[in-house]
Amino acid sequence: MKLLSLPIITITLLLITFKSFGQITYSISGKVVNEQNVPLDYISVSLLNKKDSSLVKTILSDEQGGYRFAPSAQGSYLIMANSVGLAKTYSSPVTIDSAQKSIVIPALVLVKESKTLKAVTITAQKPFIERKADRLVVNVEASPSSAGNTALEVLQKSPGVSIDKDDNISMNGKNSVLIMIDGKPTYMSSADVANMLRSMQSNQIETIELITNPSAKYDAAGNAGIINIKTKRNKNLGFNGTFNAGTGYGKTSKYNTGTNLNFRKNKINVFGNYNYSNNGNISRFNLIRVVEESNEVTHFNQNNGWDGRRSNNSYKAGIDFFATKKTTLGLMINGYDNSVDEDAISGTDISFISPSSVFKPAESINVNGRNNQRYTNSAFNFNAKTTIDTNGREITFDADYSTYKGKLDEFRDNFYSRTNATSRPVKSIHNLAPADINIVSAKIDYTHPFSKTLRLEAGLKSSYVRTDNNFRFDTLQNNIWITDRGRSNHFIYDENINAAYFNLNKQFKKTTVQIGLRAEQTYSKGNSITQDSVIERDYLNYFPSASISQKLGKDHQVGLSFSRRIDRPNYNNLNPFIYILDDYTYEQGNPYLRPQFTNSTDLSYTFKSVYTLTLNYSRTNNVIAQITEQDDKTKITLAQERNLSSQTVYSVNFFTPIQVAKWWKINNNTQVFNMGFKSALLGSQLDVNQTVFQINSDNQFTINKKTSADLSFWYMSPLRYSIFEINNTPAFNVGLKRSFNKDKMSLRANVNDIFNMRENRGKTNYANMNLNFSNKWESRVFNLSLSYKFGNSNIKPERNRNTGLDAEANRMKN
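Residues numbered from 1 in each chain as written. Predicted model: local features only at pLDDT ≥ 70, side-chain atom pairs only at ≥ 80, totals over all residues. Heavy atoms only, no water.

(A) Seen up close, the overall build of the protein chain. Within the protein chain, the regular secondary structure consists of three helices and 48 strands. Within the span of the protein chain, comprising 814 residues, buried residues form 52% of the whole. Total accessible area on the protein chain is roughly 36100 Å²; 55% of this is exposed by carbon and sulfur atoms. (Helix = DSSP H or I, 4+ residues; strand = E, 2+ residues; numbered from the N terminus. Buried < 20%, exposed > 50% of the residue type's maximum accessible area, 1.4 Å probe, protein only. Areas by Shrake-Rupley, 256 points an atom, 1.4 Å probe, with all protein chains shown as cover.)

In structure tokens form, the structure reads like this:
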């Protein structure tokens, strides 16, 4: 492993220097509990001046419900604790002076808050979409139409998020999104992330956070930013759990079930969950190509159909040990075991138009395919967190190991028929593509508050990845499978990334400023054993970030942020093997792919902490995009990831919730962006751009205190991405929720894509290519789900783990 010497030395010197700064003398501490005297964590606790109740500082209570303030001056203070759904509570006044430097406040008791108006109980309810200072938050449980959906389907409904026919996830019109689960990045490509999210049900998800300009604390991967999916957690002591089951039907059956269990006693917290789903899916893909060569025009009309069933198993188990009041240790394992069984049928009709405009059918190719896939992943984490002193200095450490195995096992029989000629014999093909990926990672993070308004965050991280792909292409000859060495390839890829970062956060009266710098050194080696070719890279990059937030009076707030990010190529895209889809359509890896770098700037305005306007500009150099290239003589089309010169995106985003009536609220998110590409490509100059608008409108209806409904609408206008023109896409969804048994049980029903309008259609006429495509899948689905909560509803949560599995996020591919 290479070492990132200069940034590490710099961070170390900073930590030593900062440690020598003066310490705060005074201390006010206590804890927050509920009516049963059980500690409450993650509760907002504020230190106020007694004289005018002005805010001095706000923090969150820790895992034991504790809090501690370190006032910089003598004086009289109040402590206030509050949370959504709980009544605000104040302490008695306390005075800090030279005679009494440390005070322990009696426990603050928070009780449930409710108001009764004409026999109707009104309790706190989160909106479906919330705008916070640096992110947009989607509260999944607030939407009845999310019930019975997979996490992937819920994500697809989120503002600014799009998922194409190949399961590539984009945000605000940009690809390369870093997907995180509970603050832990996934170690997979977009396609594999989509596969994992299909195994998660919506009732496992609490919120989805959309972060466009992350700070230097986060890995620099992801030019579009970060999508953090936070799963549900429970609170306090005892045992509890949830059980859920659901079913659905579109053109095929779908069903799922799962359970989530929590137990906490004294210093031990044990948690785990298991979820299973089995979903069928029918889809089709049509492709029409026109090839002109030597005054003759060749037409390809290709129709593909898939009938598959996907089985998903996901699990998580862990234990937290609260060794002392200051130190917590934890172990966790999570993973999945997913499989796909699929039958594929395709037919390609080939015809010619001669110079005299005579139509001549030439050949038909029919393919019967059987496709079996399996993906397994296990990730192990050791986590430690300790608070050094009462001033809030804190160290966290994570060590991680993850192993991933994927396998594609595909058989295809090609049948040929020719007009007025002898047909070719049947060709039988076997594609076997196993993939093994192992990842080791360790990181340490340090937090040092110098005062109530100045905080330093710094950290180090190192990770090592090895991928092993041994793709084999076999043909059946005389009833014996023979390996085609020219179309097979064994590829091993090694990568080591070392990183260091620091963040400084300074709060003024109405202004918050944050600046940070992250350095990442990457060493990689791609070894094509079959081709006896080795490509090595070694590069060091710096990623600055900065943000400023300014309050302008009571109702107005503006913010400005900047970040630089990197996207390294997916492991499989670096593998130079050729994958043959049919006799005239190939895919090939590109070992010469370079990382892409993005500079992004956001300017935002928020009114009354609800309405938000955001302007964004980003430029990506060496942008990675899929390109198709056509050989007119052989009629073969090759698809490959390549580097284009640049991509620019200008966007404006409006978030406007509207309270139409007490029983009707609308959350509207509208985005308009212009995306442009420039590059020398395929002997021509690519220079394209298009303005696109996307609308996401969610209507929430409160029928009574037990029943709610929602109706959502999603639309994206035509989009031009690289050499492809994509048509518009609309969708309508409707859902209904009913609660029973004191809200312990809920029944939800919904229909996604009511009018069956979701379909990807597009074309390209770039260079010598002329093709049109359409992709339709099983988008209209009726879902019915039941959820039941049992045991103590106040189990202490497991800690969110921001583990070391980060830099290689979104880069595995089958």
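(B) Seen up close, a positive patch on the surface. Among the surface-exposed residues, K31, R68, K325 and K326 lie close enough to one another that they form a single positively charged patch. Summarising the element assignment, R68 is placed in strand β4 (residues 66–69). Taking relative accessible area as the criterion, R68 reaches 37% and is therefore assigned partly exposed. (Patch = residues over 30% accessible without salt bridge, like charges linked within 9 Å, V, L, I, M, F, W, Y side chains within 5 Å. Salt bridge = Lys/Arg side-chain N within 4 Å of Asp/Glu carboxyl O. Lys, Arg positive; Asp, Glu negative; His and termini not counted. Charge placed at Lys NZ, Arg CZ, Asp CG, Glu CD.)

(C) Quick look at the layout of surface pockets. The calculated volume of the second largest pocket comes to roughly 220 Å³. Considering the residues around the second largest pocket, the lining is formed by 23 residues, among which I535, R537, L574, P591 and Y592 are closest to the centre. Looking at the lining of the second largest pocket element by element, the count peaks at six residues for strand β31 (residues 511–528). (1 Å grid on protein atoms, 1.4 Å probe; cavity = no way out; pocket = protein on both sides within 12 Å on 5 of 7 lines; lining within 4 Å. Points joined across faces, edges and corners; volume = space filled by probe spheres on them.)

(D) Spotlight on the environment of A499. Within the element layout of this structure, A499 appears in strand β30 (residues 489–507). Given the relative accessible area of 2%, A499 is considered buried. Taking the C-alpha atoms as reference points, A499 and N541, separated by 42 residues in sequence, lie 9.7 Å from one another.

(E) Focus on the pattern of salt bridges. Here the structure, examined in full by the defined rule, presents 24 salt bridges. The salt bridge involving R418 is made with E363; its shortest N-O contact spans 3.2 Å. Taken together, the residues span a long stretch of sequence, with R418 in strand β26 (residues 394–418) and E363 in strand β25 (residues 359–387) at a distance of 55 residues. Given the relative accessible area of 35%, R418 is considered partly exposed.

(F) Examining the environment of K112 more closely. Structurally, K112 can be placed in the loop between β9 (108–109) and β10 (115–117). Sequence separation of K112 and S83 is 29 residues, and the distance between their C-alpha atoms is 9.6 Å.

(G) Up close: the nonpolar core. Core analysis: the largest hydrophobic core is formed by 24 residues, its most contacted members being L644, M675, F677, L681, L686 and I723. Looking at this core, the elements with two or more residues in it are β22 (268–293), β37 (611–631), β38 (636–661), β39 (664–681), β40 (684–704), β41 (707–716), β42 (719–721) and β47 (771–776). In terms of residues, this core owes the most to one element, β39, which gives four residues. Setting aside residues no more than four positions away along its own chain, L686 makes contact with L644, F677, K678, S679, L681, S722, I723 and Y766. (Core = buried A, V, L, I, M, F, W, Y, C linked by side-chain atoms within 4.5 Å. Contact = heavy atoms within 4.5 Å.)

(H) Up close: the packing of aromatic side chains. For the structure on display, the rule yields 21 aromatic pairs. Ring centres of F239 and F790 lie 6.2 Å apart, and the angle between their planes is 40°; this geometry places the pair in the tilted category. Linking F239 in strand β20 (residues 238–249) with F790 in strand β48 (residues 781–791), this pair joins segments that are 551 residues apart in sequence. Looking at F239, the relative accessible area reads 40%, which means it is partly exposed. Seen from their ring centres, F713 and Y715 are 6.5 Å apart, and the 10° between their planes marks the pair as stacked. Here F713 falls in the partly exposed class, since its relative accessible area comes to 24%. When its relative accessible area of 18% is taken as the criterion, Y715 is described as buried. The rings of F693, F713, Y715, F732 and F755 are connected pair by pair, giving a single aromatic cluster. Sitting above the plane of the F300 ring, R289 keeps its charged end 4.4 Å from the centroid. Between R424 and the ring centre of Y416, over which it is positioned, the NZ or CZ distance is 3.9 Å. (Phe/Tyr/Trp six-rings, centres within 6.5 Å; stacked < 30°, edge-to-face > 60°. Lys NZ or Arg CZ within 6 Å of the ring centre and 35° of its normal.)

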